[in-house]
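# Summary of the model geometry
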Amino acid sequence: MNLSKFPRVALAHLPTPLEHLPRLSEHLGGPDIFVKRDDCTGLATGGNKTRKLEFSMGEALQQGADTVITVGAIQSNHVRQTAAAACKLGLTCEVMLEHRVLHPSDTYRNSGNVFLDRIFGAKLREYPAGTDFNAAMEDVAAEVRASGGVPYFIPGGASNPVGALGYVNCGIELLRQFNEQGLTIDHLVSATGSAGTHAGLAVGLRGSGSRLPILGIGVNAPQDVQEERVFQLAMQTAEFVGEPGCVARDDIVADCNYIGPGYGEHTDAMNEAVLMLARLEGLLFDPVYSGKALAGMIDYIRKGRFRSGQNIVFLHTGGSAGLFAYADALALD
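A few points on the structure. It should be emphasised that the depicted structure is a prediction, and the values quoted were computed from it without experimental measurement.

Burial analysis of strand 2 (residues 32–37) places five of its six residues in the buried class, the great majority of the element. Two elements, strand 1 (residues 18–20) and strand 2, share three bridges in a ladder whose sense is antiparallel. Within strand 2, the position partnered with Glu19 by the bridge is Val35. With six bridges joining them, strand 2 and strand 10 (residues 311–316) adopt parallel strand pairing. Bridged to Lys36 within strand 10 is Leu315.

Next comes the structure, spelled out in structure tokens:
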């Protein structure tokens, strides 16, 4: 697959490291666990959205945009990285924040990612859960045009075929690293939410001839909804890159049993996972995405679904800034 034909700007520190986690592997007594450090992409504390934004922002600049409009939850990692990328490229950033978490604390509403959004000077607007954001984004775009600006839409998580190119590229990058390190990997595990990371990985791996199983751990939707969302985006992305049909429906697997009460809501398993990785490996994971995905992976190991003798890669999608928003919810003892 040739991604050089797509507009792109350099925002990320690539390739990100692929590291062995020996203490975690020993502690869990199962497979050897590796982490793909996409928390190290470099932009505004890093995270997976930076890969996507290289292509989204590239297209925005190609189209002559001076303003990007995007949407996310109050503690959106995507919004934080989009706001930073806009600063780096000299663009205005209009942000539409959705109240998805019930009964948020003052800490949640004002610290973590949203605090960084304000540092980057993003123009923040808040909306209730369930808002029709297609219509709302059109309203914001009309305001931008009325003031003489040129808007460009970036969907939540930059999860469309353009943004998913970032994870098509990551899939190719992973295969190169496996070869360089002489690794045979049995499973790849990632959080799956807005679908762009999961779909892009599927296209990058399958389009390169790899059959590596990808397990998405869901963070916000039932399994049937999430798998269909990922598959539809994977098909669109495959068509976009010139590899139609490379992803089959049974390539897309999402386990959505670790969401807990809802998106962004605390779970004991997430709390345990975040502390385990911090205290065994010195790594920080976020409570909303990677923390719940880790909880799923740990449970799979404890139940023998991932076994001794296997090699597992966990994709770290970043988001540790969100820990500060959950400071009054996490149990640290």
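Turning next to the sheet that holds strand 5 (residues 123–128). Taking strand neighbours across the sheet as the criterion, the four strands line up as 5-4-3-6 in an open arrangement whose pairing is parallel. Only two strands of the sheet have a single neighbouring strand rather than two, namely strand 5 and strand 6 (151–154). Geometrically, the sheet is characterised by an average inter-axis angle of 25° between neighbouring strands, direction not taken into account. Two elements, strand 4 (residues 92–99) and strand 5, share six bridges in a ladder whose sense is parallel. Residue pairing in the sheet places Glu94 in a bridge with Lys123 of strand 5. Seen against the sheet, helix 5 (residues 112–119) touches strand 4 and strand 5 and runs at an angle of roughly 145° to strand 5.

The next point concerns the packing of aromatic side chains. A complete count under the given rule lists six aromatic pairs for this structure. Measuring from ring centre to ring centre gives 5.5 Å for Tyr127 and Phe133, while their planes differ by 70°; the resulting arrangement is edge-to-face. One exposure class covers both Tyr127 and Phe133, and it is buried. For the ring pair Tyr300 and Phe306, a centre distance of 5.2 Å and an interplane angle of 45° mean the geometry is tilted. For Tyr300, a relative accessible area of 7% corresponds to the buried category. The class of Phe306 is buried, set by a relative accessible area of 3%. Lys49 extends its terminal NZ or CZ atom over the ring of Tyr289, reaching a point 5.7 Å from the ring centre. A cation over a ring is seen here: Arg100 above Tyr263, with NZ or CZ 5.2 Å from the ring centre.

On to the environment of Glu227. Note on placement: Glu227 falls in helix 9 (residues 223–240). Counting along the chain gives 37 residues from Glu227 to Gly264, while the straight-line C-alpha distance between them is 20 Å. Every residue in contact with Glu227, bar those within four places of it in the chain, is listed here: Arg249, Ile252, Val253 and Ala254. From its side chain, Glu227 meets the backbone nitrogen of Ala254 in a polar contact 2.9 Å long.

Where burial is concerned, most of strand 7 (residues 187–192) is hidden: six out of the six residues are buried. Relative to strand 10, strand 7 runs parallel, the two being bridged by three bridges. Bridging across to strand 10, Val189 finds its partner in Phe314. The pairing of strand 7 with strand 8 (residues 214–218) spans five bridges and is parallel. For Ala191, the partnering residue across the bridge sits in strand 8 and is Ile217. In terms of handedness, the path from strand 7 via helix 8 (residues 196–206) over to strand 8 forms a crossover that is right-handed.

Taken N-terminus to C-terminus, the directions of helix 3 (residues 77–89) and helix 5 make an angle of 15°; their axes are 9 Å apart at the nearest point. Classified by the angle their axes make, helix 3 and helix 5 are roughly parallel. Between helix 3 and helix 5 the crossing geometry is left-handed. Residue-level inspection shows Asn77, Val79 and Arg80 of helix 3 in contact with helix 5, the latter providing Asn113, Leu116 and Asp117. A class-by-class count of the residues in the contact of helix 3 with helix 5 yields two nonpolar, two polar and two charged.

Here we come to helix 7 (residues 161–181). Under the 1.5 Å per step criterion, the end-to-end length of helix 7 is 30 Å for 21 residues, consistent within 8% with the ideal 30 Å. The element helix 7 is largely enclosed, with a buried count of 16 among its 21 residues. Gly182, located one to two residues past helix 7, shows a positive phi value of around 65°.

Bringing the environment of Gly149 into the picture now. In this fold, Gly149 is placed in the loop between helix 6 (133–146) and strand 6. With 57 residues separating them along the chain, Gly149 and Thr92 place their C-alpha atoms 9.4 Å apart.

Procedures and definitions
- Every chain is numbered independently, its residues counted from 1 as its sequence is written.
- A pLDDT threshold of at least 70 governs which residues receive local features in this predicted model, and a stricter bar of 80 or more applies before side-chain atom pairs are shown or counted, although totals over entire chains, interfaces and linings include all residues.
- Only heavy atoms go into the side-chain values, all of them from the structure, while hydrogens and water stay out.
- Burial classification: accessible surface area is computed with a 1.4 Å probe over protein chains only, and a residue below 20% of its type maximum counts as buried, one above 50% as exposed, and the rest as partly exposed.
- Labels follow the DSSP assignment, with helices taken as runs of H or I lasting at least four residues and strands as runs of E lasting at least two, numbered in each case from the N terminus.
- When DSSP locates at least two bridges between a pair of strands, those strands are taken to pair.
- For helices, the axis comes from a line fit to the C-alpha atoms of the stretch in contact; other axes are also lines fit to C-alpha atoms, and the angle between any two N-to-C directions lies between 0 and 180 degrees.
- The contact criterion used is simple: two residues touch if any of their non-hydrogen atoms lie within 4.5 Å.
- Note on ring pairs: Phe, Tyr and Trp rings are taken, using the six-membered ring of Trp, and paired if centres are within 6.5 Å. Classes follow the plane angle, with under 30 degrees stacked, over 60 edge-to-face and the rest tilted.
- Look at NZ for Lys and CZ for Arg. If either is within 6 Å of the ring centre and within 35 degrees of the ring normal, a charge sits over the ring.
- For this analysis, a polar contact is any N or O atom pair within 3.5 Å, provided that within protein one partner can donate a hydrogen and the other can accept it, and provided that sequence-adjacent residues contribute only side-chain to side-chain pairs.
- If you view a crossover with the strands going away from you and the path from the first strand over the helix to the second runs clockwise, you call it right-handed.
- Here is the rule for angles: anything less than 35 degrees is roughly parallel, anything more than 145 is roughly antiparallel, 65 through 115 is roughly perpendicular, and the remaining ranges are oblique.
- Crossing handedness follows the turn of the near helix against the far one: under a right angle anticlockwise gives a left-handed crossing, and clockwise gives a right-handed one.
- The nonpolar class holds Ala, Val, Leu, Ile, Met, Phe, Trp, Tyr, Cys and Pro. Asp, Glu, Lys and Arg form the charged class, and all remaining residues, Gly among them, are polar.
- What a helix is expected to span follows from its residue count: subtract one and scale by 1.5 Å.

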